[in-house]
Every structure is written in C-alpha cells, then in structure tokens.
Amino acid sequence: MEIDVEDLKRFLESKIASLKKEVEVYEYLLSVIEAGGVQGLRSSKGTVEYIKSSKGEVLAEVFYTPPLVRVTIKRKLQIPQAYFNALHRLLESEKNLSKVEYEVSTEGDSLREVVLKNINDDLTYSKLKSGIAAILEMLPR
C-alpha cells in the first residue's frame, strides 16, 4: 500500500489546525479559572456536549459558555450545498430573531466549525444545537 504524500500532508495540516483550536478553548478556560471566574462558569452552565450520529459516532463537540457556543466538527464531513444552505437559513433566522452572530468555518467543501455569539438563553442554545445536530446527522457519509 502506497501512501500519498499530499493526502498525508493535508491530513496532518487539518489535524494541527484542529488541535490548535482545541488548545485555544483550553487556554480560554484556564484564563477564566485564573481570573477567578470559576463561579461564573458554574452559574452560567458552561458545558461540553457531543453531537453523535445514529450509530453513536461523535460528529461534533459543542462548547457552551454563555454567550459563546463553539461547535467543533470532529471528523471530516463534506457538506453538500443544499445542507450548507439549510445551515445558513437556520443561522440567519436566529440572527434576525435573537441578534445571534455567527461564523462558519469550512475547509474546501468540508465543515470545520460553527461559532455562535450572543447566545444568552437556554432556549436559543437548544434550538440552534438541535438544528445543527439534525443537519450534521443527515449528511451523507
């Protein structure tokens, strides 16, 4: 079996980028703890949840520390345009209703991360997390 150097290079670059984002989250959490904000995290219900496929595979991690939600995709998920449009409609709808700001990171036609800002209540969080989970679960694998 021959290894394609370009595929290996892309895989390693992707893995490094993913790990850098993970380090950023840990550094943020550490800075909150060092600043004495542990009680703030508990009272604001800081959580880490997972979006899983019907087979139980972890598709994404959801870091929620109000008012920020970071949905980090854990495996390479190609997102066809129709699904990307559905995600965009969901996020735009909530932007108009609740003044939620968002950023969607892609790598080629693969979804990497969705960052949501101004999530100040559990209802908005649950609605967006459920909508994103439904889209991710329907993606062809």
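Quantities reported herein were computed from a predicted structural model and do not represent experimental measurements. (Residues numbered from 1 in each chain as written. Predicted model: local features only at pLDDT ≥ 70, side-chain atom pairs only at ≥ 80, totals over all residues. Heavy atoms only, no water.)

## Digging into the overall build of the chain
Line of reasoning, step 1. On a plain count of helices and strands, the chain comes out with four helices and five strands.
Line of reasoning, step 2. Counting the 141 residues in the chain, one finds 30% classified as buried.
Line of reasoning, step 3. Of the accessible surface of the chain, which amounts to about 9,100 Å², a share of 56% is contributed by carbon and sulfur atoms. (Helix = DSSP H or I, 4+ residues; strand = E, 2+ residues; numbered from the N terminus. Buried < 20%, exposed > 50% of the residue type's maximum accessible area, 1.4 Å probe, protein only. Areas by Shrake-Rupley, 256 points an atom, 1.4 Å probe, with all protein chains shown as cover.)

## As for the packing of aromatic side chains
Line of reasoning, step 1. Applying the stated rule across the entire model yields one aromatic pair.
Line of reasoning, step 2. Ring plane angle 5° and centroid distance 3.9 Å describe the contact between Tyr64 and Tyr125, whose orientation is recorded as stacked. Here the residue Tyr64 occupies a position in strand S2 (residues 58-65), and Tyr125 occupies one in helix H4 (residues 122-138), the gap between them amounting to 61 residues. Both residues of the pair, Tyr64 and Tyr125, belong to the buried class. (Phe/Tyr/Trp six-rings, centres within 6.5 Å; stacked < 30°, edge-to-face > 60°.)

## Things to note about the sheet that holds S2
Line of reasoning, step 1. One open sheet accounts for five strands, arranged S1-S2-S3-S5-S4; its pairing is antiparallel. The outermost strands of the open sheet, each flanked by one partner alone, are strand S1 (47-52) and strand S4 (101-107). Geometrically, the sheet is characterised by an average inter-axis angle of 15° between neighbouring strands, direction not taken into account.
Line of reasoning, step 2. Where S4 lies against strand S5 (residues 110-117), seven bridges are found, and the strand directions are antiparallel. Among the inter-strand pairings, Glu103 is bridged to a residue of S5, identified as Val115. (Pairing = 2+ DSSP bridges. Axes fitted to C-alpha atoms, helices over the stretch in contact; angles between N-to-C directions.)

## Notes on the nonpolar core
Line of reasoning, step 1. By size, the foremost hydrophobic cluster in this structure holds 24 residues, and its most contacted members are Val71, Leu116 and Leu136.
Line of reasoning, step 2. The element that contributes the greatest number of residues to this core is H4, accounting for six residues.
Line of reasoning, step 3. When near neighbours in sequence (up to four residues on either side) are disregarded, Leu116 contacts Pro67, Leu68, Val69, Leu91, Val100, Glu101, Tyr102, Leu128 and Ile132. (Core = buried A, V, L, I, M, F, W, Y, C linked by side-chain atoms within 4.5 Å. Contact = heavy atoms within 4.5 Å.)

## Some words on a nonpolar patch on the surface
Line of reasoning, step 1. A cluster of nonpolar side chains, Ile3, Leu8, Phe11, Leu12 and Ile16, forms an exposed patch at the surface whose accessible area comes to about 510 Å².
Line of reasoning, step 2. On the basis of relative accessibility, which here comes to 42%, the residue Leu12 falls in the partly exposed class. (Patch = residues over 30% accessible without salt bridge, like charges linked within 9 Å, V, L, I, M, F, W, Y side chains within 5 Å. Salt bridge = Lys/Arg side-chain N within 4 Å of Asp/Glu carboxyl O.)

## Remarks on a negative patch on the surface
Line of reasoning, step 1. A cluster of acidic side chains, namely Glu2, Asp4, Glu6, Glu13 and Glu107, defines a negative patch on the protein surface.
Line of reasoning, step 2. Mapping Asp4 onto the fold places it in the segment before helix H1 (5-34). (Lys, Arg positive; Asp, Glu negative; His and termini not counted. Charge placed at Lys NZ, Arg CZ, Asp CG, Glu CD.)

## Some points on the layout of surface pockets
The probe, sized like a water molecule, is rolled over the atoms to show the empty space still left.
Line of reasoning, step 1. When its volume is computed, the largest pocket comes out at roughly 360 Å³.
Line of reasoning, step 2. Around the largest pocket, the lining is made up of 17 residues, and of these Phe11, Ser14, Lys15, Lys76 and Arg112 lie nearest the centre.
Line of reasoning, step 3. Mapped onto the lining of the largest pocket, the elements with two or more residues apiece are H1, strand S3 (68-78) and S5.
Line of reasoning, step 4. Broken down by element, the lining of the largest pocket gets its largest block of residues, eight residues, from H1.
Line of reasoning, step 5. Taken together, the residues of the lining of the largest pocket sort by class into three nonpolar, four polar and 10 charged.
Line of reasoning, step 6. In this structure, the second largest pocket is lined by 13 residues; those nearest its centre are Val25, Tyr28, Leu29, Phe63 and Thr65.
Line of reasoning, step 7. Mapped by element, the contributors of at least two residues to the lining of the second largest pocket are H1, S1, S2 and S3.
Line of reasoning, step 8. Here the element with the most residues in the lining of the second largest pocket is H1; it accounts for four residues.
Line of reasoning, step 9. Along the lines of polarity and charge, the residues of the lining of the second largest pocket split into eight nonpolar, three polar and two charged. (1 Å grid on protein atoms, 1.4 Å probe; cavity = no way out; pocket = protein on both sides within 12 Å on 5 of 7 lines; lining within 4 Å. Points joined across faces, edges and corners; volume = space filled by probe spheres on them. Nonpolar A, V, L, I, M, F, W, Y, C, P; charged D, E, K, R; others polar.)

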